[in-house]
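Structure at a glance
Now for the letters of each chain:
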Amino acid sequence: MQNAKSKRFRELKRSHSWVAIILFIVVFFITAGFIVSYMNMFLSYIMDSKITSEYKAASYMSKAYELAVKENNNEIIAFLVESGRSYVIKDSDGNVKYQYGEDTMGTKKGMLSPDTPDVPHGIRVVLDRDSAALDFYNGIFSINIFEVMKDLRNYSDIDELDPYFDEEMVSDDIHATISTGFKVGYDMSMDNMDMLYFPFWIEQDVTGGTMYIKSFITMNVRDVILFFTFISIGAVMILTIFGMMLGNIISGIVRRNRTLNVFFTDVVTRGHNWMWFIIRGQQHLTRRKNHAVRYAIVNMVFVHYMNYCVCHSVEEGERKLRKVYNVIRDSLGKKEMCAHCNQAEFAMIIKAPDDETLKQRVQSLIDELGRIDSEHTFAFQAGIFTVEPDGTPDKNGTPIRRKKFDIESAYNNACTARAELEGNDDSGIAFFDDKLVEDQKWIDLVHEHQQSALANEEFMVYYQPKYDPRTDELRGAEALIRWQSPEFGFVPPGKIIPIYEKNGFITEIDHYMIQHVARDQKKWLDKGCKCVPVSVNVSRAHFIENDLAEQIRDLVDSEGAPHDLIEIELTESAFFDDKKAMISTISRLKEYGFAVSMDDFGSGYSSLNSLKDMPLDVLKLDAEFFRGSNDNGRGEIVVSEAIKLAKNLNMRTVAEGVEVRDQVDFLASQGCDMIQGYYYAKPMPRDEYETRMTPAEPVQPEN
Ligand code: C2E
Ligand code: CA
Ligand code: CA
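Please read these numbers as outputs of a predicted model, since none were measured by experiment. (Residues numbered from 1 in each chain as written. Chains lettered and ligands numbered in written order. Predicted model: local features only at pLDDT ≥ 70, side-chain atom pairs only at ≥ 80, totals over all residues. Heavy atoms only, no water.)

A closer look at the coordination of the calcium ion (ligand 2)
So the rule is basically this: Metal donors were taken as nitrogen, oxygen and sulfur atoms no farther than 2.8 Å from the ion, or 3.2 Å where the ion is Na, K or Ca. Water is excluded, so coordination may look unfinished. Under the scheme used here, helices are H or I runs from DSSP no shorter than 4 residues and strands are E runs no shorter than 2 residues, and both carry numbers assigned from the N terminus. Buried, partly exposed and exposed residues are distinguished by accessible area as a fraction of the type maximum, computed with a 1.4 Å probe on protein chains only: under 20%, between the cut-offs, and over 50%, respectively.
Each protein donor to the calcium ion (ligand 2) is listed here as Glu478 (OE), Asn537 (OD1), Glu569 (OE) and Asp599 (OD); together their distances run 2.2 to 2.3 Å. As a motif over one chain, the donors of the calcium ion (ligand 2) read E-x58-N-x31-E-x29-D. Here the calcium ion (ligand 2) and the calcium ion (ligand 3) are spaced 3.9 Å apart, with Asp599 acting as a shared donor. Of this pair, Asn537 sits in strand β15 (residues 534-538) while Glu569 sits in strand β16 (residues 566-571), and the two are 32 residues apart along the sequence. Using a relative accessible area of 1% as the deciding quantity, one classes Glu569 as buried.

What to know about the site of ligand 1
Filter applied, for reference: Here a residue is near a molecule or strand as soon as one of its heavy atoms is found within 4 Å of it. The definition of a polar contact used here is a pair of N or O atoms within 3.5 Å, where within protein one atom must be able to donate a hydrogen and the other to accept one, and adjacent residues in sequence count solely through side-chain atom pairs. For accessible areas, the Shrake-Rupley method is used with a probe of radius 1.4 Å. Any residue's cover is judged against the shown protein chains and nothing else.
Every one of the 22 residues lining ligand 1 counts as a neighbour, but Gln464, Glu478, Arg482, Glu659 and Tyr678 are closest to it. Within the side chain of Asn537, a nitrogen or oxygen atom sits 3.3 Å from an oxygen atom of ligand 1. Burial of ligand 1 by the protein amounts to 79% of the accessible area it has alone, namely 800 Å². Elements represented by at least two residues in the shell around ligand 1 include exactly β13 (474-485), α16 (506-527) and β17 (595-601). The element contributing the most residues to the shell around ligand 1 is β13, with four residues.

Focus on helix α8 (residues 221-264)
Using the following cut-off: One fewer than the residue count of a helix, multiplied by 1.5 Å, yields its expected span.
In a regular helix each residue adds 1.5 Å, so 44 residues correspond to 64 Å; α8 covers 61 Å between its end C-alpha atoms and thus fits that length. All buried positions along α8 are accounted for by Asp223, Val224, Phe227, Gly234, Ile238, Phe242, Met245, Ile249, Arg256, Leu260 and Phe264.

Considerations on the packing of aromatic side chains
Heads up, the condition is: Put simply, two rings from Phe, Tyr or Trp (the six-membered ring, in Trp's case) pair if the centres are within 6.5 Å, and we call them stacked under 30 degrees between planes, edge-to-face over 60, tilted for the rest.
Counted under the stated rule, the structure contains 25 aromatic pairs. Measuring from centroid to centroid gives 5.4 Å for Phe263 and Phe264, while their planes differ by 50°, and the two rings are tilted. Taking the relative accessible area as the measure of exposure, Phe263 reaches 26% and is therefore partly exposed. Judged by centre distance (5.3 Å) and plane angle (65°), the rings of Tyr463 and Trp524 are edge-to-face. Within this pair, whereas Tyr463 is found in strand β12 (residues 459-467), its partner Trp524 is found in helix α16, the two being separated by 61 residues in sequence. Take Tyr463 and Trp524: they sit in the same class, and that class is buried. One aromatic cluster in this structure is built from Trp442, Phe459, Trp483, Phe488, Tyr500, Phe505 and Tyr512.

As for the side chain of Glu690
Which entries qualify depends on this criterion: When checking whether two residues touch, look at their non-hydrogen atoms; a contact exists if any pair is within 4.5 Å.
Tracing the backbone through its elements, the reader meets Glu690 in helix α23 (residues 686-693). Beyond its immediate stretch of four places on either side in the chain, Glu690 contacts Trp524 and Lys527.

Points about the pairing of strand β10 (residues 380-387)
The line we're drawing: DSSP calls a pair of strands paired once it identifies at least 2 bridges connecting them. Handedness of a crossover: with both strands directed away from the viewer, a clockwise path from the first strand across the helix to the second marks it as right-handed.
Burial of β10 is extensive: eight of the eight residues sit out of reach of the surface. Going residue by residue along β10, you find Phe380, Ala382, Ile384 and Thr386 tucked away on one face and Gln381, Gly383, Phe385 and Val387 tucked away on the opposite face as well. As defined by bridge partners, strand β7 (residues 295-302) adjoins β10 across eight bridges and the pair is classed as antiparallel. Paired with Val298 across the bridge in β10 is Ile384. With four bridges joining them, β10 and strand β11 (residues 428-431) adopt parallel strand pairing. Following the sheet pairing, Ile384 is matched in β11 by Phe431. Note on the crossover from β10 through helix α13 (residues 407-419) to β11: the handedness is left-handed.

With respect to the coordination of the calcium ion (ligand 3)
Only Asp599 (OD), Asp600 (OD), Glu656 (OE) and Glu656 (OE) from the protein coordinate the calcium ion (ligand 3), and they sit 2.2 to 2.6 Å from it. Donor residues binding the calcium ion (ligand 3) come from one chain and are separated in sequence as D-D-x55-E.

Looking at the nonpolar core
In plain terms, the rule: Throughout, nonpolar core names a set of buried Ala, Val, Leu, Ile, Met, Phe, Trp, Tyr and Cys residues whose side chains join them through atoms within 4.5 Å.
Formed by 75 residues in total, the largest nonpolar core has its most connected members in Phe459, Phe543, Ile552, Leu667 and Tyr689. When residues of this core are assigned to their parent elements, the largest contribution, eight residues, is made by α16. Aside from chain neighbours lying at most four places away, what touches Phe459 is Gln450, Ala453, Leu454, Ile481, Arg482, Trp483, Ile496, Tyr500, Phe505, Ile509 and Tyr512. One finds Val268, Ile372, Phe380 and Ile429 within the second-largest nonpolar core, a separate group that totals 31 residues.

Regarding the environment of Lys403
For Lys403, the position within the fold is in the loop between β10 and α13. In this structure Lys403 comes out as exposed when scored by relative accessible area, which is 62%. Considered as a pair, Lys403 and Leu285 are 118 residues apart in the sequence and their alpha carbons are 8.3 Å apart. Ignoring anything within four residues of it in the chain, the contact list for Lys403 reads Thr286, His291 and Asp390.

Take a look at the structure:
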């Protein structure tokens, strides 16, 4: 169960966030790819235009050189120099024939177009030694500029790049033509505005050798502005997309946290609820770093909370619960927790160094809670279950494993301990121990076996005789149940009756006993025994039924026993509020010929009141009158007065639990009608009782 709840919680906690995260990563990579290709395109565009113009300029220079050589025109050579470009002319053996400017050629050579039949020659390039700009591009964009240039040339028809060179025109206005050609290429006037550049050398075949012309790919202010404008647009786009996604993820997290809050918040106290307690508590106690700490799980109950709500209002009651919660919460130390579970129950996890300290702490909390209202004093009951450190041996010697700890069953144990205080109106503390488990197991077993025990007649009727103390003659008996269980052996009533009273099975037991006593009486009568009235206990639960008198009459009649041989015993606790109904039932029982007795007189508080109202026949003095010391004769005075009272009310008296001769003599002297006690006899099986009944001679006491 615990695992199922934790699992549900984990699902709730992580639901959908992983989808958003994956989506975020996917979009991140798509966007990054988009940016890289976008910049690649942009860079390629710039390269394309620049290489094209550089190539044109180089071609012009080589053609101008050819012309100069052909015409032996030094003027043209001078113009080449004027262009400001470095160039080197080498013969076919590689010797420098002519050089202007510094030769900074590197070793790496390449072709910027594939050497195919369609493209008879490409742009042959030699990289420059100054590779700073190249490194810059490589570093930032991981782009091999050489490759980029090569790619560019793949789709450019190299022939189209050949500039129109009109030799006629050159001879007419060579200055104008060459300078126009140069202008198409590298414009020296822009030099001081260049921000980035990298040089390379374009190789051109000329008569008698090869001409290398220094060229540049430059990024001037305009390019950079353009570049950054594009970058900015891209960045804004990315930021927008990422912002939206991030917003989505954050709002998802906020939404999820809100859901978790609702899931974990108690509507009454606005604090933590039961769900929170079992999930967080479980995590807390099973966490490795808490394994060595001894904890206590406490079930704290506001006693009579419902009554308080009835007397005041539910709203007022809830206000008190809030206050209680706050006091409990404020009392907590580090690594301790509390929650409001249901109605008047609170759950706590607190540190428990030892039982005494723990008890004192819980007691002072109960005291504090009791005083939360200046006009009322409240009672609180606490059930405590201690959680031992990891490795502590349990009752079987097996080390406790905190990893396997189950908070729900631990809290249930605390509740079971607290249930021991139920029925008590005062504050109190109860510790859970293994006996409680045993008790609970026994309750379950009894419950489980009750129907079969009844059907198999495992319940036996024992009879405890009642004697006249003056004559020692048998005057009556009380039927007392015993359970002869094939599994559990001989079980006394104290181990089953309270359970049956709680679970309602007692009414069936009452029927069973009445029926069996009536059956026995009938049998003994038929045998010619001298039968005396036998009293049967009838529980309060049964007495509430309107037609109880008729049920008893019919049961006895069905066995054919005379009504005057059956007596009904009622304990004081059976006297309930509806006096009218009680009186009516007792009156009808008497009408049908059954005697009715009040059991355990003197053990409670309302005996006298009950005597006043109820038309009873017999008063059974509780065994407590005959326990312990005589208190200077005060006990005897009370007993003697009780007997007188009964006589005045026309009731017979039975003294229970009498064990010694002196008590018998005293009761005889006071006119007590019967004695039911070990002095005469213990409860006995049917057959033994039968032997007590038959003798004409008075019996001798047992001891
Ligand atoms: P009870 O009705 O007050 O029964 C008297 C109890 O006192 C019996 O205990 C009896 O054995 C015991 N007793 C009698 N004389 C002496 C004595 O001199 N010394 C001592 N120490 N004890 C004495 P038992 O049979 O164990 O029954 C206990 C209680 O269980 C009964 O108290 C009664 O309340 C309940 N009970 C027993 N049988 C039935 C039943 O058939 N129906 C119902 N509803 N309750 C029953
Ligand atoms: Ca009784
Ligand atoms: Ca009794």
